[in-house]
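Letter by letter, the chains look like this.
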Amino acid sequence: MNCLLSGVGGQGTVLASKLIARTAMQKGINVRTAETIGMAQRGGCVVSHVRTGDVIHSPLIPLGTADLIIGFEPSEALRVLPYLSENGIVITSRKNIDPVTASLSGDTFDADEMIACLSKHAKTYAIDTEAIAKQIGSTRVVNMILLGAALEAGALPFSFEELAETIKKNVKPQFFEMNVQSIKAGMKVIADSRLKEEK
């Protein structure tokens, strides 16, 4: 499995990739990871590569071979789209984050246009992470919402219980329930989407 996570500094992209890797390792699955982090600590581009399998020659995912792209922001998901395989899927947040240059100039971009472009090229699940995060009571759970969506989509090599156990071991106890709630919320979005497709 090749999973590429792409977002903006401060969104928890690296934590999400570590949770995927550690959960896979707990199952005895061979894992390789790598990160490319933008110039700015917060606001720069962050891309994490997670690869699992019997033989992995490099931690970096080659172009056209990613089974899953998790986009923490729609333009960042679109930016790494060339990495996606022919049958890969995209799970992205609907919430756009304007780059500094756009903020200074007063320009912005339309997240819906980005999502429409993604949908033309791949099976895409666009999630209203902002609304879900407000319901949960924290803006810092976007990474968990997206992990839950990827889990329900069948794109990750482990179960909800296995992921929850990893979170319990690697996240402060006071945030455990909130993180689990966020994962379940992300799972529900995909489950509801499938029901609509079946109808």
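As a reminder, the structure under discussion sits directly above these lines.
The following paragraphs examine the structure supplied in this document. Remember, it's a predicted structure, so these values are computed and weren't measured experimentally.

### Points about the overall build of the protein chain
Argument step 1. A count of helical and extended segments in the protein chain gives 8 helices and 6 strands.
Argument step 2. Ordered by position from the N terminus, the helices and strands of the protein chain form the series β-α-β-β-β-α-β-α-α-β-α-α-α-α.
Argument step 3. For 199 residues, the compact-globule estimate of 2.2 N^0.38 gives 16 Å, and the C-alpha radius of gyration of the protein chain, at 16 Å, lies within 12% of that figure.
Argument step 4. Principal-axis analysis of the C-alpha atoms places the extent of the protein chain at approximately 50 × 45 × 40 Å.
Argument step 5. Scored against the burial criterion, the 199 residues of the protein chain give a buried share of 47%.
Argument step 6. At a minimum sequence separation of 6, the contacts of the protein chain that also span at least 24 residues come to 61%.
Argument step 7. Carbon and sulfur atoms make up 52% of the accessible area of the protein chain, which amounts to about 10,300 Å² in all.
Argument step 8. Side chains of the protein chain give 21 positive and 21 negative charges; the mean places of these two sets differ by 6 Å.

### A look at the nonpolar core
One recurring pattern in soluble globular proteins is that nonpolar side chains are buried together.
Argument step 1. One finds I20, L68, I70, I91 and L147 to be the most contacted residues of the largest nonpolar core, which totals 42 residues.
Argument step 2. The biggest single contributor to this core is helix α6 (residues 142-152), with 8 residues.
Argument step 3. Leaving out residues up to four positions away in the same chain, I70 has contacts with C3, L4, L5, S6, I20, I91, L146, L147 and A150.
Argument step 4. Membership of the second largest hydrophobic core comes to 12 residues, among which are V47, A66, V90 and A122.

### Focus: helix α1 (residues 13-26)
Argument step 1. Here α1 is 14 residues long and its end C-alpha atoms lie 20 Å apart, about the 20 Å a rise of 1.5 Å per residue gives.
Argument step 2. If you check which residues of α1 are buried, you get T13, A16, S17, L19, I20, A21, T23 and A24.
Argument step 3. The elements touched by buried residues of α1 are β1 (2-8), β2 (31-37), β3 (45-52), β4 (66-71), α6 and α7 (160-170).

### Describing the environment of S138
Argument step 1. Residue placement: S138 occurs in the loop between α5 (129-136) and α6.
Argument step 2. Through-space distance from the C-alpha of S138 to that of M178 is 8.6 Å; in sequence the pair is 40 residues apart.
Argument step 3. Those residues within four positions of S138 in sequence are excluded, and the remaining contacts are A133 and M178.
Argument step 4. From its side chain, S138 meets the backbone nitrogen of R140 in a polar contact 3.1 Å long.

### Considerations on the sheet that holds β4
Argument step 1. The mixed open sheet is built from 6 strands, whose spatial order is β2-β3-β1-β4-β5-β6. Because the sheet does not close on itself, it has two edges, and the strands there are β2 and β6 (123-127). Ignoring strand direction, the axes of neighbouring strands in this sheet form an average angle of 15 degrees.

### Looking at the packing of α6 against helix α8 (residues 176-198)
Argument step 1. Following both chains from N to C, one finds α6 and α8 inclined at 45 degrees, their axes separated by 7 Å at the closest point. Taken together, the axes of α6 and α8 lie oblique to each other. Crossing of α6 over α8 shows right-handed handedness. Note on element contacts: α8 touches α6 through N179, S182, I183, G186, M187, I190, A191 and R194, opposite M144, I145, G148, A149, L151 and E152.
Argument step 2. In the contact of α6 with α8, the residues fall into 8 nonpolar, 4 polar and 2 charged.

### Here we look at the pattern of salt bridges
Argument step 1. All told, the structure shown has 6 salt bridges when counted by the stated rule.
Argument step 2. We note a salt bridge from K95 to E130, for which the minimum N-O separation is 3.6 Å. Of the two residues, K95 sits in the loop between β5 (84-93) and α3 (100-105) while E130 sits in helix α5, which places them 35 residues apart along the sequence.
Argument step 3. Taking the relative accessible area as the measure of exposure, E130 reaches 37% and is therefore partly exposed.
Argument step 4. E197 is the partner of K123 in a salt bridge, and the nearest nitrogen-oxygen pair spans 2.6 Å. Here K123, found in strand β6, pairs with E197, found in helix α8; they are 74 residues apart in sequence, far enough to count as distant.

So, how was this worked out
Residues numbered from 1 in each chain as written. Predicted model: local features only at pLDDT ≥ 70, side-chain atom pairs only at ≥ 80, totals over all residues. Heavy atoms only, no water. Helix = DSSP H or I, 4+ residues; strand = E, 2+ residues; numbered from the N terminus. Rg over C-alpha atoms; globule rule 2.2 N^0.38 Å. Buried < 20%, exposed > 50% of the residue type's maximum accessible area, 1.4 Å probe, protein only. Contact = heavy atoms within 4.5 Å. Areas by Shrake-Rupley, 256 points an atom, 1.4 Å probe, with all protein chains shown as cover. Lys, Arg positive; Asp, Glu negative; His and termini not counted. Charge placed at Lys NZ, Arg CZ, Asp CG, Glu CD. Core = buried A, V, L, I, M, F, W, Y, C linked by side-chain atoms within 4.5 Å. Expected span 1.5 Å × (residues − 1). Polar contact = N/O pair within 3.5 Å; in protein donor to acceptor, adjacent residues only side chain to side chain. Pairing = 2+ DSSP bridges. Axes fitted to C-alpha atoms, helices over the stretch in contact; angles between N-to-C directions. Parallel < 35°, antiparallel > 145°, perpendicular 65-115°, else oblique. Left-handed = near helix turned anticlockwise from the far one by under 90°. Nonpolar A, V, L, I, M, F, W, Y, C, P; charged D, E, K, R; others polar. Salt bridge = Lys/Arg side-chain N within 4 Å of Asp/Glu carboxyl O.

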